[in-house]
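# Analysis of the macromolecular model
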Amino acid sequence: MSARVATTLRVVQQRSILVLIGLLVALAALIEIIRPGAVNASWVSNILEFAAPLGILAAGQTLVVITGGIDLSVANVATAAAYIMASQVPHGVVRAIVLGLLVGVVVGMINGIGVAVFRVQPLIMTLAMGLVVTGSLNVYGQSDRARGVPVVPEVIHTLGSGTVLGYVPVSLFLWGALAVLLIVGLRGTGFGRLLYALGDNPEATRLAGVRGWQVLLANYTACGLLSAVAGLVLAGTVNAADLGLATILLLPSVAAVVIGGTSIFGGSGSYSGTFVGALILTVLNSVLTLLDVPDAVKQVLYGAIIVLLAAVYTRVLGRD
Amino acid sequence: MAAIPDEPPAAPDLLEARGLAKHFGPVVALRSADLGVRAGEIHALMGANGAGKSTLVKILTGALVADGGTITLGGRQRAFRSTSEARRAGLICVYQDPSLLPDLTVMQNLTLTATPVRKFRHYLNELGLTGFDLQAMPRELARPTLSLLELARALAIEPQLLLLDEITASLPADLTVRVFNVARHVRDEGRSVIFISHRLAEVAALCDRATVLRDGRTVGVVEPAQGGEERIVKLMLGPVAEEVAAEAASPSAPAVGPVAVEVHDLKLGMLGGVSFSLRYGEVLGVAALEGQGQQELFESLAGVRTPESGQIMVGGKARTFHHPADAIRAGLVLIPADRLQSLLRQRSVRENIALPLVNRLSRWGVINPRREKRRVAKAIKRLQIDTRAQSEVRRLSGGNQQKVGIARWLASGFKVLLCFDPTRGIDIGTKRQIYGLVKELAASGSAVLLFTSELPEIQLACNRVIVLFGGQLVDEMPAAEADEQALLRAAHGLHSEEEAEKQMQEGA
Amino acid sequence: MATAEATAPAPRPAGVNVGRAVRRYGWTAAVYVLFAILMVATVVIKPDYGPFEWNTLTLAALPLAFAAAAQTAIVLSGGIDLSIGPLMALANVLSLHATLGHDLAYSLAAAAVVLLVVTIAGALNGAIIVVTRVPDIVITLATSFIWAGVALLVLARPTPGIPLDFQNLAQGSAVSPWVPNALLLLFVIPLLWVPLRRSRAGLSIYAVGSDRNAAFRSGVDLGWTRVLAYAVGGFFAACGGLALSMTTGVGTPLAGTLYTLSAVSAIVLGGVSLAGGRGGMLGPVAAAYILSLIPAVLIYLGIDPNYGQMIQGVLIVLVVMIGGIGAVLRRT
């Protein structure tokens, strides 16, 4: 390998976010070629609106994956938060929203206790908690039917699908604010540093005097809260909350993280990557819809593209 | 320098390796290694830590592919791409860390490697494991047993060339004798053995010739039996080390301060009740052979493991450490031998050095980048860390990595530095820097406890030495008296030279 | 070398070794005991528990047992497959297509082809992982989309029409009412697994999962062995898909969704280490029966069967914690 190629590779490696943005632009260009005039302000607005819930859900997932874990309960939590919020509206909107968010905090905390204190593998712990959450929600849904159909309150509806100045989705403000918080927080706070440290080498982190369980507990709780927020936004976007609301977002939440360049083994990555990853997945969906591809083919292509991107990361940009 | 003396033009060698080289990224593991092994000989491969022995072994057995050089086996040039290929050619290695699969029974392990069971039994009996239950699982067996099983498995295939990589390190003396006897049988049948060991006495007792590596090069071939040990040591240490040793022979008198750490009757695992005290302003050396309790000693002082009993007093107050965080708060910090144990390999030099600065819940908030940068830069400068590849610590050389591990504590502050074999596998230049730094730190008032597996180096850095043997503190001496001979004797639990000779002979 | 104490390992008596047997088979035995206790409780709760209920249980457990077997083969090799469910769905819809309106002999031949196709799909999972060196979890996550998409391409919506003769292979009880066919079909698992385990290939699967470095030194071909494990997983997933066809009579493109995660639950409960190398097929199969029995018991008790998922989740966490505590105790 010539020195120049090596340098180029190094630059790409360190600036993989540019590659991702390039990919995003290429996909948009593809849409424009297929259907000239399709890429306009309202299209962008739509993409951002649909990407926001996924982006927020994937934010929690990013935090967990950076520590070398995985959270398979994010979608269950999002669904439960949205459904409980919607069903509690008759008792007051504020209370409903707080209860919805509380679901996320509590489940996240239990995940955290399991992983951090009892050292259960994250995959198992969150898988099991996902089952518990969904089971409980179904029981709750049955018992609660008498109290009326779940309603999405106006605030949440506006949050999920309202726009400012005609085109700027309201959810973008929330998503953007969370993104800035995460990007800055991961780089510039002690907590962020410790997430990377734990993901890279838990033993070394312990030797440096860090009590890892505190970090993990806080982290899983944050992930639960972010999942709950994502659930509420999603309920606003689709203006409904049913018992299977966010289920389809579980795998995309992991896919967005992986496409965004965060190593599934932990220790590296960033939320800016995941942010673009969520956008790429949403635009990809849009391309496939525009091509009038049947759902089945869409799924196949979706999967194939994740394989391809992951392979490119590991082989071409991969270290060692 | 790489001229090969002492080699009569005898029968053609069974194995002939020439100019083998291997590097991992920026780290050169092997520059140019030559090795010739005759049929029917036991050949020692010697060298200090990091000299390239294990890399050479891996290349010979096909576990690694060399960047350059040739291997000729039985007159045919070979380049093994896998261990099974080397195996088929009659070349088998028994590693220090047993490679029996922990979750398969011994019998299944034999099936997996297509080992003839009857021959395996035969050699097992010869090694003294009669009536061994083949349904046992390696996960449930003791380390020495595993080493013997692995040896018997290798012997059962009756290889042309058997490599024993530090096999005696985990064996008690009586089992070592059995292994030696078997190795001699192999030789008497006209096959060859390459024997890798740190223990000079073993090499002298067992081996016909010895090839010595230093810094990835073959520096000589010696016949160890008749007084060759001296030459081996000289070759292993090299001119630089001699120079350093000469320089260190007159250590400046230390200005010793008050007691920093006092240890009373500390017990943990192998460590069976050790008491000593460490003062501010001194470097206290710990000399010991492998596995004499030094690991447990350092781990309990650093809070990695909690001692079973005994007391650790820091600054006159009794402390109990349940977590490294407790020890760090008390000012005791650890530098482990294995850099992979202490570093975040994917993270930057800066993040690695700054890690202890965020190790408490109260420090989870926003980091002041300017202040952090200043502290990190200061530590980098003091240790002269080469930061050309600072974006990821794994791109640094071994020496620079170890410096990062030390710089971390310079940036965050400490009172007592616990260095557990900090120069393992590090080049001689960096070694000098690290020892220089250790002395400097002590001179500026810190206390340092230093264990090194390379006994000649103890004199370079320490003011005083304690010797551990069998989990007990058996000797204490000022650095001036702690030459390699004295330390070796003490570390073997011997007190007179005659006794030492006797033991070595018995071991043979 | 004055370590004079003779520490020669004492020769061990050959024969039965109680402690070792408990260590090795204790967990599996405990899973069967748990199942037996649950069965006794079920009969106590529902005194008229008869062959019909037992048959219903075996039918419900059959696809899950195969899914668990599939996941076990892969996890033993140190991997994990999140596409087990979609692979089952693929086998399920393919079998509907292939057998629709045909007689038994033709259906059986078609089923064999389906087995082959889905086994290859499973092997493909493994091959992609080995070639790209991307972590198992990422690749199988992605291929779970692919196989689910392919299943949807084969069949857009749930369609009945699996020939009755073919269904009866699982639904009848040819031997005795207490020995339903669905129970006998489980013998497909040992039929493949027992000879495999005794062969070098099967030992290699355990070896790769147990310690990759030691496996390499023992001359195991890591790449091929991992592909083999995924192929075996694909084969059992295909069996699971065919089991779905036989037990439901319907081809359902989304049928497998639940089985991916349930299979992970079953292997965890069945004592297979997620780290690889440790465990067998007996535990997970019993765990599949336990997981299928819980909702039935809840129904007999007149409790909302939705509690079943909750109980399953809590059970898994408890089991893992008990396992963790056991491991800690053994270490000290």
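Provided above is the structure to which this section pertains.
Residues numbered from 1 in each chain as written. Chains lettered and ligands numbered in written order. Predicted model: local features only at pLDDT ≥ 70, side-chain atom pairs only at ≥ 80, totals over all residues.

## Quick word on the sheet that holds strand β14 (residues 309–314) of chain B
Residue and element names in this part refer to chain B. With antiparallel pairing, the 4 strands of this open sheet are ordered in space as β12-β11-β14-β15. Single-partner strands in this sheet number two, and they are β12 (271–279) and β15 (317–319). Neighbour-to-neighbour, the strand axes of the sheet open up by a mean angle of 20°, direction not taken into account. As judged from the 7 bridges shared by strand β11 (residues 259–268) and β12, these two strands associate in the antiparallel manner. When the sheet's bridge partners are listed, V263 is paired in β12 with F276. On top of the sheet, helix α9 (residues 294–301) reaches β11, β12 and β14; it is set at about 125° to β11, its chief contact. (Pairing = 2+ DSSP bridges. Helix = DSSP H or I, 4+ residues; strand = E, 2+ residues; numbered from the N terminus. Axes fitted to C-alpha atoms, helices over the stretch in contact; angles between N-to-C directions. Contact = placed C-beta atoms within 7 Å.)

## Re the packing of helix α4 (residues 117–126) of chain B against helix α5 (residues 143–156) of chain B
All names here are of chain B. Two numbers describe how α4 lies on α5: the axes approach to 8 Å, and their chain directions differ by 130°. Compared by their axis directions, α4 and α5 come out oblique. When the axes of α4 and α5 are compared, the crossing they make is right-handed. Taking contact as the criterion, the partners of K119, F120, Y123 and L124 in α4 are, on α5, A152, R153, L155 and A156. For the contact of α4 with α5, the per-class residue count stands at 6 nonpolar, no polar and 2 charged. (Parallel < 35°, antiparallel > 145°, perpendicular 65-115°, else oblique. Left-handed = near helix turned anticlockwise from the far one by under 90°. Nonpolar A, V, L, I, M, F, W, Y, C, P; charged D, E, K, R; others polar.)

## Side note on the packing of helix α8 (residues 170–188) of chain A against helix α9 (residues 190–200) of chain A
Residues and elements named next belong to chain A. At a closest axis distance of 5 Å, the pairing of α8 and α9 adopts a crossing angle of 75°. Relative to α9, the element α8 is oriented roughly perpendicular. Residues G185, L186, R187 and G188 of α8 lie in contact with α9, whose contacting residues are F191, G192 and L195. Considering only residue class, the contact of α8 with α9 consists of 3 nonpolar, 3 polar and 1 charged.

## Brief notes about helix α12 (residues 250–259) of chain A
All names here are of chain A. For α12, the buried fraction is high: 10 of the 10 residues fall into the buried class. Within the sequence span of α12, burial applies to L250, L251, P252, S253, V254, A255, A256, V257, V258 and I259. Phi turns positive, to about 90°, at G261, one or two residues after α12. (Buried ≥ 20, exposed ≤ 12 C-beta atoms within 10 Å, placed from the backbone.)

## Quick look at the nonpolar core
Counting 378 residues, the largest nonpolar core has A78 of chain A together with L418 of chain B as its most contacted members. When residues of this core are assigned to their parent elements, the largest contribution, 16 residues, is made by helix α11 (residues 212–238) of chain A. (Core = buried A, V, L, I, M, F, W, Y, C linked by C-beta atoms within 7 Å.)

## Section: the sheet that holds strand β19 (residues 464–469) of chain B
All names here are of chain B. As summarised here, the arrangement of the 6 strands in space is β16-β17-β18-β13-β19-β20, forming an open sheet in which the pairing is mixed. Every interior strand has two partners, whereas the edge strands, β16 (332–335) and β20 (472–478), have only one. Within the sheet, the average angular offset between the axes of one strand and its neighbour, ignoring direction, is 20°. In this structure, strand β13 (residues 283–287) lies alongside strand β18 (residues 447–451), joined through 4 bridges in parallel fashion. The partner of L284 across the bridge, within β18, is L449.

## Thoughts on the interface of chain C and chain A
Counting residues at the interface gives 37 residues for chain C and 39 residues for chain A. Elements represented by at least two residues in the side of chain C that touches chain A include exactly α4 (104–132), α5 (136–154), α12 (257–269) and α14 (307–331) of chain C. Counting residues per element, the side of chain C that touches chain A draws most heavily on α5 of chain C, at 14 residues. Here the side of chain C that touches chain A is composed, by residue class, of 25 nonpolar, 10 polar and 2 charged.

## Thoughts on the pairing of strand β3 (residues 42–47) of chain B
Residue and element names in this part refer to chain B. Of all 6 residues in β3, 6 are buried, a share of seventy percent or more. Alternating residues of β3 divide into I42, A44 and M46 and H43, L45 and G47, and every residue in both groups is buried. As defined by bridge partners, β3 adjoins strand β8 (residues 192–196) across 4 bridges and the pair is classed as parallel. When the sheet's bridge partners are listed, H43 is paired in β8 with I194.

## Concerning the pairing of strand β4 (residues 68–73) of chain B
Residues and elements named next belong to chain B. Note: strand β1 (residues 15–24) against β4, 5 bridges, orientation antiparallel. Bridge pairing in β4 places A21 opposite G68. Sheet analysis places β4 next to strand β5 (residues 76–78), joined by 3 bridges and oriented antiparallel. Across the sheet, I71 pairs through a bridge with R78, a residue of β5.

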